[in-house]
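Residue-level structure breakdown
Residues per chain, in single letters:
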Amino acid sequence: MSIPDNVHALKRPRHIAIIMDGNGRWAKRRHLPRMLGHQEGVKAVRKVIKLCGEMRIEALTLFAFSSENWQRPEQEVNYLMTLFLNTLKNEIDKLTKNNVQLRMVGNLEGFNQPLREWIDKSQTLTAKNTGLQLVIAVNYSGQWDIVQAAQKIINQVKAGKLETEILTREIFAEYLSLADLPAVDLLIRTSGEYRISNFLLWQLAYSELYFTDILWPDFDEHELNKALQFYTQRERRFGCISEQLAEINA
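This is a predicted model, so every value here is computed, not measured.

For the protein, the helix and strand inventory stands at eight helices and six strands. In the protein, the succession of α and β elements from N to C terminus is β-α-α-β-α-β-α-β-α-α-β-β-α-α. Relative to the compact-globule value of 18 Å for 250 residues, the protein shows a C-alpha radius of gyration of 19 Å, a close match. When the backbone C-alpha atoms are referred to their principal axes, the protein occupies close to 55 × 50 × 35 Å. Taking all 250 residues of the protein together, the buried fraction comes to 46%. Sequence separation of 24 or more characterises 77% of the internal contacts of the protein that already satisfy a separation of 6 or more. Carbon together with sulfur atoms contributes 50% to the accessible area of the protein, which is approximately 13,700 Å² in total. Distance from the positive charge centre (31 side chains) to the negative charge centre (30 side chains) of the protein: 5 Å.

Dropping the structure here:
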């Protein structure tokens, strides 16, 4: 793995999130079934996980299946569920060998029992790994995430364990998915779409957004390096001005 010279530790994102888009279009351009595009997409996932692990990225969150994706044709949804299950079975040993901790976020109750069992098994088997924290967002939406956090807070208030008067942005964030991970530094979206599609709405508040026309199955080391080069060129001010940042970093 060749790391760009200027992507040193201080400029390297701690947490990368990716909207993996374009599997179907990749297949269509080659006059292939959409299912083959999804298979190729899994290969790209393997590459990116490996690269992020080698680069010592702390966390990688991949948007694999949104709550809205249930609206796709039934045949495709069924295939995606089967592909998801088989991928978990086939990759779990590799993840363990490479010290990757796997976590699934989303409304997991929407999946069938065999898939839920393998999700639980995969998370348990990798829970003690200390390398890359890999998060797969499945049956997930940013709006769902915020609503479920609000529901948890309401239950805490009803139980007398939390007072609304002390509710702050920081406390609210503790009830969201990924609450224990670093904030998302860099969001990557493939396939030429310029939207975040209901993904990590809260967590992306100050993320750098990188959009590329590359379709997900073609996303590789070269394309990841381009995204990282983009990231190093951004001045992350978080509401301050450049002069204030200079003083802070002096």
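Text resumes after the structure shown.
Below, the discussion takes up helix α7 (residues 221–232). In this model, α7 (12 residues) spans 16 Å end to end at C-alpha, consistent with the 16 Å of a helix rising 1.5 Å per residue. Of all the residues in α7, the buried ones are Glu-223, Leu-224, Asn-225, Ala-227, Leu-228, Tyr-231 and Thr-232. Buried residues belonging to α7 abut β1 (15–19), α2 (34–54), β5 (186–189) and β6 (208–211). Two or three places before His-222, at the start of α7, stands the capping residue Asp-220, its side-chain oxygen 3.2 Å from that residue's backbone nitrogen.

Turning our attention to the packing of aromatic side chains. This model, assessed by the stated rule, comprises 11 aromatic pairs. For the ring pair Phe-84 and Phe-111, a centre distance of 6.3 Å and an interplane angle of 70° mean the geometry is edge-to-face. Residue Phe-84 is located in helix α3 (residues 74–97), and its partner Phe-111 is located in the loop between β3 (101–105) and α4 (113–126); the two are separated by 27 residues in the primary sequence. With centroids separated by 5.9 Å and ring planes inclined at 75°, the aromatic side chains of Tyr-140 and Trp-144 adopt a geometry described as edge-to-face. Taking relative accessible area as the criterion, Tyr-140 reaches 0% and is therefore assigned buried. A relative accessible area of 25% places Trp-144 in the partly exposed class. Grouped by ring-pair contacts, the aromatic residues Phe-63, Tyr-140, Trp-144 and Phe-199 constitute a single cluster.

Before going further, it helps to spend a moment on the nonpolar core. Nonpolar side chains in soluble globular proteins tend to be buried together. With 40 residues, the main nonpolar core has Ile-16, Ile-18, Leu-60, Leu-134 and Ile-188 as its most contacted residues. Of all the elements, α3 adds the most residues to this core, at seven residues. Non-local contacts of Ile-18, meaning those with residues more than four positions away in its chain, are made with Val-48, Leu-60, Thr-61, Leu-62, Phe-63, Leu-187, Ile-188, Phe-199 and Trp-216. Ala-17, Ala-59, Val-105 and Val-184 belong to the second largest nonpolar core, which has 15 residues in total.

Next up on the list: the environment of Arg-46. The topology assignment puts Arg-46 in helix α2. On the basis of relative accessibility, which here comes to 36%, the residue Arg-46 falls in the partly exposed class. Sequence spacing of Arg-46 and Asp-220 is 174 residues, and the spatial spacing of their C-alpha atoms is 10.0 Å. Each residue touching Arg-46, except ones within four places of it in the same chain, is listed here: Glu-91 and Lys-94.

If you check the backbone angles, His-31 has positive phi at about 55° while not being a glycine. Its relative accessible area of 75% is what places His-31 among the exposed residues.

Reading guide: rules and limits
- Residues numbered from 1 in each chain as written.
- Predicted model: local features only at pLDDT ≥ 70, side-chain atom pairs only at ≥ 80, totals over all residues.
- Heavy atoms only, no water.
- Helix = DSSP H or I, 4+ residues; strand = E, 2+ residues; numbered from the N terminus.
- Rg over C-alpha atoms; globule rule 2.2 N^0.38 Å.
- Buried < 20%, exposed > 50% of the residue type's maximum accessible area, 1.4 Å probe, protein only.
- Contact = heavy atoms within 4.5 Å.
- Areas by Shrake-Rupley, 256 points an atom, 1.4 Å probe, with all protein chains shown as cover.
- Lys, Arg positive; Asp, Glu negative; His and termini not counted.
- Charge placed at Lys NZ, Arg CZ, Asp CG, Glu CD.
- Expected span 1.5 Å × (residues − 1).
- Polar contact = N/O pair within 3.5 Å; in protein donor to acceptor, adjacent residues only side chain to side chain.
- Phe/Tyr/Trp six-rings, centres within 6.5 Å; stacked < 30°, edge-to-face > 60°.
- Core = buried A, V, L, I, M, F, W, Y, C linked by side-chain atoms within 4.5 Å.

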